[in-house]
Amino acid sequence: MRDPYEVLGVDRSATQDEIKSAFRRLAAQHHPDRNPGDDGAHQRFKDLNAAYQVLSDPQKRAAFDRFGPAGVGMGATPGGPGGPFGGMPFVDVSDINIDGIFGDLLGALGIKTGDRGSLQKEIKISFEEAAFGCTKEITYERVEPCLDCGGIGAAKGSATERCTACAGRGRVRLQQGVLPIAIERPCARCRGTGRIVLDPCKTCRGAGLVAKSRTIEVTIPPGIENGASRIVERAGNCTRADRAPGDLELTIRVSPHEVFRRVGDDVVCSMPVSFPVAALGGEIEIPTLDGNGRLRIPAGTQPGAVLRVKGKGIVRRVMGGRGDQLVEIIVEVPTRLSSSQKELITRLAEELGEEVKEPQEATFMDKLKNLFG
Ligand SMILES: [Zn+2]
Ligand SMILES: [Zn+2]
């Protein structure tokens, strides 16, 4: 195994970009296709690839820096590394309190171990806003990288040092029992950053993260239903300053309407209609989602009849257009009648061949008396 820095001709302090461009340049130069008849080109190209595999991976590079070829499973160390983790340095983590240093700080921000930063919120909209869609401003609190320390957690001008628990890798291996199986998890001491803060930032107390209130605008599409959810990508919590925030999941709560209820894309309402209008036909004023409208009542409309007003319903999410408004007819029976009105109705009944009697006054007690008397 040759020194990968030597193979790529880069300095030990070379940046990832420098390593990448050196590799590209040399790989193009030594590609076997470009060097027909040159048997050495094959080996040189292989070496370049192997070197790049190590130096392009920050973890492998750090391991090489610390342990040499054995650190990246390239050495011939019998019985040494080379397992499923490519011979990463084994770190004893028994002395690390996983929820220690950072657990308290992050716990105070509402972030738990393994949290991916997703946030849930409810958003209330009116029936009309659900029908036609709307734009809503929502203000909520989320965890963001601390601006005062750039998310590092170190006070301005103070230094950080490489984490000894994970050798700066940010991840540690946990050996379980005697089986040659190890699991990896983020290093608790440095919280996966590989660096230890010596003088914590005053603003975030070293967490690198702070809770902040923010306001965003959310577009609610027309036709959304109560209980539906909307995902606003990356509007959730930052659980690590160097990672993209989680998503914000909004649950839509549609307030019930005083007059309308929703059935699919249709809106349903009940309308009282006087007995003469139901019998003779006519026109009534009805409320619609677009303001007041008029509805023609055909002659002979029965109680409970449902009349359809086309295109006055909810905006259809898929097919476009709008649902309908369904008007359920309640025929009002007059209660207080003048004597002349009574007379008119009696004459109508006679005309219809119906026998009209005085209402039965017999009460429950009268019936009982009849039964036992
Ligand atoms: Zn800070
Ligand atoms: Zn660490």
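Within any chain, residue numbers begin from 1 and follow the written order of that chain's sequence. In the order they appear in the text, chains get letters beginning with A and ligands get numbers beginning with 1. At least 70 in pLDDT is required for a residue's local features to be given in this predicted model, at least 80 for side-chain atom pairs to be given and counted, and no such filter applies to totals for whole chains, interfaces and linings, which use all residues. Water and hydrogen atoms were dropped before computing side-chain values, which therefore reflect all heavy atoms in the structure.

Caption draft 1: Main features of the overall build of the protein chain. Only DSSP runs of H or I reaching four residues or more are called helices, and only runs of E reaching two or more are called strands; each is numbered from the N terminus. Within the protein chain, the regular secondary structure consists of 9 helices and 15 strands. Accessibility here uses a 1.4 Å probe with only protein chains present; expressed as a share of the type maximum, an area under 20% marks a residue as buried, one over 50% as exposed, and anything in between as partly exposed. Counting across all 373 residues of the protein chain, residues that qualify as buried make up 35%. Residue contacts are defined here by distance: any two heavy atoms, one from each residue, within 4.5 Å place the two residues in contact. Counting only contacts in the protein chain whose residues sit at least 6 apart along the sequence, the fraction spanning at least 24 positions is 62%. For the protein chain, the exposed surface amounts to about 23000 Å²; the carbon and sulfur share of it is 51%. Areas reported here follow the Shrake-Rupley algorithm with a probe of radius 1.4 Å; residue values treat only the protein chains shown as occluding.

Caption draft 2: Up close: the coordination of the zinc ion (ligand 1). Donor atoms from the polypeptide that coordinate the zinc ion (ligand 1) comprise C146 (SG), C149 (SG), C201 (SG) and C204 (SG), at 2.3 Å from the metal. Atoms are scored as donors when they are N, O or S and lie within 2.8 Å of the metal, with 3.2 Å used for Na, K and Ca; no water is included, so coordination may look incomplete. Think of it this way: with four donors and all angles in the 85 to 135 degree range, the site is tetrahedral; with four or six donors, opposite ones beyond 155 degrees and the rest between 65 and 115, it is square planar or octahedral; otherwise it is irregular. Taken together, the 4 donor atoms coordinating the zinc ion (ligand 1) and their angles of 104 to 116 degrees define a geometry best described as tetrahedral. Mapped onto the sequence, the donors of the zinc ion (ligand 1) take the spacing C-x2-C-x51-C-x2-C. Taken together, the residues C149 in the loop between strand 2 (134-145) and strand 3 (160-162) and C204 in the loop between strand 6 (195-197) and strand 7 (209-220) connect sequence positions 55 residues apart. Its relative accessible area of 11% is what places C149 among the buried residues.

Caption draft 3: How the structure looks around the coordination of the zinc ion (ligand 2). The protein atoms that coordinate the zinc ion (ligand 2) are C163 (SG), C166 (SG), C187 (SG) and C190 (SG), at distances spanning 2.1 to 2.3 Å. The site at the zinc ion (ligand 2) holds 4 donor atoms, and with the angles between them running 104 to 116 degrees, its shape is tetrahedral. We note that the donor set of the zinc ion (ligand 2) lies within a single chain, spaced as C-x2-C-x20-C-x2-C. Taken together, the residues span a long stretch of sequence, with C166 in the loop between strand 3 and strand 4 (171-175) and C190 in the loop between strand 5 (182-186) and strand 6 at a distance of 24 residues.

Caption draft 4: Here's a closer look at the sheet that holds strand 8 (residues 229-232). The strand order across the open sheet formed by 3 strands is 1-9-8, and the pairing between neighbours is mixed. With one partner strand each, in any of the chains shown, strand 1 (119-125) and strand 8 form the two edges of the open sheet. Each adjacent strand pair in this sheet contributes to an overall mean axis angle of 30 degrees, direction not counted. Relative to strand 9 (residues 248-254), strand 1 runs parallel, the two being bridged by 7 bridges. When the sheet's bridge partners are listed, K121 is paired in strand 9 with L250. Pairing between strands requires that DSSP locate at least two bridges from one strand to the other. To get an axis, fit a line to the C-alpha atoms, keeping to the stretch in contact for a helix; angles then go from 0 to 180 degrees between the N-to-C directions.

Caption draft 5: Representation of the packing of helix 3 (residues 39-55) against helix 4 (residues 58-67) in the model. Contact geometry of helix 3 with helix 4 gives a least axis separation of 6 Å together with a crossing angle of 95 degrees. The orientation of helix 3 with respect to helix 4, classified from their angle, is roughly perpendicular. Of the residues in helix 4, those touching helix 3 at Q53, V54 and L55 are K60, R61 and F64. Residue classes in the contact of helix 3 with helix 4 are distributed as 3 nonpolar, 1 polar and 2 charged. Just so you know how the angles are binned, under 35 degrees is roughly parallel, over 145 roughly antiparallel, 65 to 115 roughly perpendicular, and the rest oblique. Throughout, the ten residues Ala, Val, Leu, Ile, Met, Phe, Trp, Tyr, Cys and Pro are labelled nonpolar, Asp, Glu, Lys and Arg are labelled charged, and all others, Gly among them, are labelled polar.

Caption draft 6: Local environment of the sheet that holds strand 15 (residues 325-332). Ordered by their spatial adjacency, 4 strands build an open sheet running 10-11-15-14, and the pairing between neighbours is mixed. Two strands close off the open sheet at either side, each with one partner strand: strand 10 (261-263) and strand 14 (306-309). Strand after strand, the sheet turns through a mean of 40 degrees between neighbouring axes, direction not considered. Of the strand pairs in this sheet, strand 10 and strand 11 (residues 266-274) are connected by 3 bridges, and their pairing is antiparallel. In the sheet register, V263 faces strand 11, and the bridge partner there is D266.

Caption draft 7: Broad picture of a nonpolar patch on the surface. The grouping of F275, L348 and L352 at the surface amounts to a nonpolar patch, some 290 Å² of accessible area in total. Within the fold, F275 resides in helix 7 (residues 275-280). Patches draw on residues past 30% relative accessible area with no salt bridge. Two like charges within 9 Å are joined, as are two nonpolar side chains (Val, Leu, Ile, Met, Phe, Trp, Tyr) within 5 Å. Salt bridge criterion: a side-chain nitrogen from Lys or Arg within 4 Å of a carboxyl oxygen from Asp or Glu.

Caption draft 8: Representation of unusual backbone geometry in the model. Even without being a glycine, A167 presents a positive backbone phi close to 60 degrees. Within the fold, A167 resides in the loop between strand 3 and strand 4. In this structure A167 comes out as buried when scored by relative accessible area, which is 5%. Despite not being glycine, R205 shows a phi value in the positive range, around 55 degrees. Tracing the sequence through the fold places R205 in the loop between strand 6 and strand 7. The exposure class of R205 is exposed, given its relative accessible area of 56%.

Caption draft 9: Examining the environment of E332 more closely. Within the secondary structure layout, E332 lies in strand 15. The spatial distance from the C-alpha of E332 to the C-alpha of A278 is 9.1 Å, given a sequence separation of 54 residues.

Caption draft 10: Geometry of the packing of aromatic side chains. Only rings of Phe, Tyr and Trp enter the pairing, Trp through its six-membered ring, and a pair is recorded when the two centres are within 6.5 Å. The plane angle decides the type: under 30 degrees is stacked, over 60 is edge-to-face, the rest tilted. Under the definition given, this model contains 3 aromatic pairs. Ring plane angle 50 degrees and centroid distance 6.2 Å describe the contact between Y5 and F64, whose orientation is recorded as tilted. On the criterion of sequence distance, the pair formed by Y5 in helix 1 (residues 4-8) and F64 in helix 4 is long-range, its members being 59 residues apart. Measuring from centroid to centroid gives 6.4 Å for F127 and F260, while their planes differ by 25 degrees, and the two rings are stacked.

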